[in-house]
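Structure at a glance
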Amino acid sequence: MRIASQCSTTHVVTGHSARMRAVFDLVRIVSQSDSNVIITGESGTGKEVIARLLHDQGPRSRQPFVAVSCALFSETLIETELFGHERGAFTGAVKDKPGRFEMAHGGTLFLDDIDDVPLSMQVKLLRALQNRQVERVGGVRTIPVDVRIIAGAKHDVPQMVAAGRFREDLYFRLNVLPIALPPLRERREDLPLLVEHFLTRFAKERAVPVPELSPAVQYAFSRYHWPGNVRELENLCERIVQTCGCGTTRFGCLSESVLFGAANSRIAGAAPPVFGPPRAVSLDDRLREVESGLIRWALTVTGGNKSKAAELLNIKRSTLADRIARCGISPAAVTSEGDHEHAESSTSVSATTPASAMQAFMDTPR
Amino acid sequence: MVPLRERVEAVIDRIRPMMQADGGDIELVEVHGNSARVRLTGMCAGCPFAHLTIHTGLERALREQIEDFGELHVL
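Residues numbered from 1 in each chain as written. Chains lettered and ligands numbered in written order. Predicted model: local features only at pLDDT ≥ 70, side-chain atom pairs only at ≥ 80, totals over all residues.

With that settled, consider the overall build of chain B. Helices and strands together make up the secondary structure of chain B, namely two helices and three strands. Listing every helix and strand of chain B by position from the N terminus yields α-β-β-α-β. Taking 11 Å as the expected radius of gyration for a compact globule of 75 residues, we find that chain B reaches 12 Å, a close match to that expectation. The C-alpha extent of chain B, read off along each of the three principal axes, is 35 × 20 × 20 Å. Taken across its 75 residues, chain B has 40% of its residues classed as buried. In chain B, 40% of the contacts between residues at least 6 apart in sequence involve partners at least 24 apart. (Helix = DSSP H or I, 4+ residues; strand = E, 2+ residues; numbered from the N terminus. Rg over C-alpha atoms; globule rule 2.2 N^0.38 Å. Buried ≥ 20, exposed ≤ 12 C-beta atoms within 10 Å, placed from the backbone. Contact = placed C-beta atoms within 7 Å.)

Right, here's the structure in full:
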């Protein structure tokens with residue numbers, strides 16, 4: 001459930017593409033008005049970012065911005081969520097609760113996933129939008145609300161109207177100022193800028209250098225179809241910063257869906273991978289990386305027990321001690337990395353086994 | 001019927017150019033029954049994430065392309 005928005009507009013990256021520049025020109029104009037806006041775009045294209053931007057640039061910026069995803073609630077819950085309820089309206093309604101409309105009074109209400117609102121609820125929503133007043137569930141009084149409505153939709157709403165799954169009157173009520181966000185695959189020219197932005201941000205958060213992207217990774221990015229759009233790219237950049245231990249991101253750091261998605265892509269005109277002159281690789285550095293990675297792994301899975309770790313690595317305990325010293329692994333760091341409570345503060349990827357690390361990435365919430 | 005080895009090679013060939021661009025490569029060591037064994041070489045050797053990405057990704061791609069494909073072993 002989202003009350004306050006998670007996204008910040010201080011770091012909005014636009015990109016150079018003509019389509020995004022047009023969007024931002026439109027946002028500048030639309031933000032000054034009070035009319036209803038509908039933002040359409042696939043999942044992950046940044047509808048909430050744009051909604052937040054409209055709010056922050058407009059005259060209501062000092063008033064609340066309330067974002068709510070209509071897809072999160074069941075048909076009955078959505079009504080109490082949006083309009084609130086009175087005490088005793090239903091079992092468990094022990095006190096009065098204002099709805100999102102009231103909470104956004106004076107400010108902006110972002111109704112995301114408006115296309116997921118059930119038909120029966122659409123009527124009530126339309127009434128609220130038309131009359132600018134709401135009635136709490138179980139209440140009798142009408143409460144006037146002054147909110148600017150921004151709706152977000154990921155499906156083609158006109159098509160839903162034609163199919164009878166979305167009320168035409170509600171659509172026309174919302175469709176005063178439409179903003180269509182292009183999917184990432186239709187503005188590939190923005191990829192380098194977005195990648196740089198996300199990598200820099202995540203690297204800064206973890207206080208590590210920004211990793212370089214290998215030619216194969218750049219090639220894969222340019223061919224992948226990005227079904228999850230900017231959000232997918234953002235998550236991938238986060239993963240890259242987490243996994244990249246050697247300063248250059250090679251294809252192995254990509255998720256297999258990106259790698260194989262790019263390999264199977266039939267996008268015309270994508271540049272083939274660049275076979276530049278082979279770059280020098282320090283064998284000693286690479287061997288040290290592998291060595292230190294395996295030692296950290298062994299120490300982590302044995303909870304810092306050097307004898308057991310040495311056994312796992314098939315070397316003598318005294319040899320392990322020498323190598324730990326040579327790789328500059330501090331025992332304290334390894335012990336705390338082995339501790340689950342501190343697992344997040346671990347800066348070394350090699351400290352976890354690849355499988356558990358990968359699971360952690362898969363489990364990362366959006 | 002195209003031999004299994006050739007069908008596995010065809011799937012591998014889709015990702016090989018990207019691996020080679022990064023200074024790595026992949027070698028089909030052996031096809032045994034319905035399963036295959038590959039080896040990562042060059043820059044990919046010893047990278048745990050390359051290993052994992054190839055293992056899960058290639059195995060899935062092989063299963064999509066080849067009916068009753070068994071297991072992929074990455075050396």
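Here helix H2 (residues 48-65) of chain B spans 25 Å end to end across 18 residues, near enough to the 26 Å set by a 1.5 Å rise per residue. What H2(B) keeps buried is the set Pro48(B), Phe49(B), Ala50(B), Leu52(B), Thr53(B), Ile54(B), Gly57(B), Leu58(B), Ala61(B) and Leu62(B). (Expected span 1.5 Å × (residues − 1).)

Bringing the domain arrangement of chain A into the picture now. All names here are of chain A. Assigned domains of chain A: these are domain 1 (18-182), domain 2 (184-278) and domain 3 (280-366). The centre of domain 1, based on its C-alpha atoms, is set 34 Å off from the matching centre of domain 2. If you look at the interface, domain 1 gives eight residues, while domain 2 gives eight residues. Here the residues of the side of domain 1 that touches domain 2 are counted per class, giving two nonpolar, four polar and two charged. (Domains from an automatic or database assignment. Nonpolar A, V, L, I, M, F, W, Y, C, P; charged D, E, K, R; others polar.)

Before going further, it helps to spend a moment on helix H14 (residues 317-327) of chain A. With one of eleven residues buried, H14(A) lies mostly on the surface of the structure. Two residues or fewer past H14(A), Gly328(A) is found with a positive phi of approximately 65°.

Quick look at the sheet that holds strand E2 (residues 35-42) of chain B now. Residue and element names in this part refer to chain B. Spatially, E1-E2-E3 is the arrangement adopted by the three strands of the open sheet, whose pairing is mixed. A single partner strand is all that each edge strand has here, and the edge strands are strand E1 (24-32) and strand E3 (72-74). Ignoring which end each strand starts from, the neighbouring axes of this sheet average 25° apart. Sheet topology note: the E2/E3 ladder contains three bridges and is parallel. Bridge assignment links Ala36 to a residue of E3, and that residue is Leu72. (Pairing = 2+ DSSP bridges. Axes fitted to C-alpha atoms, helices over the stretch in contact; angles between N-to-C directions.)

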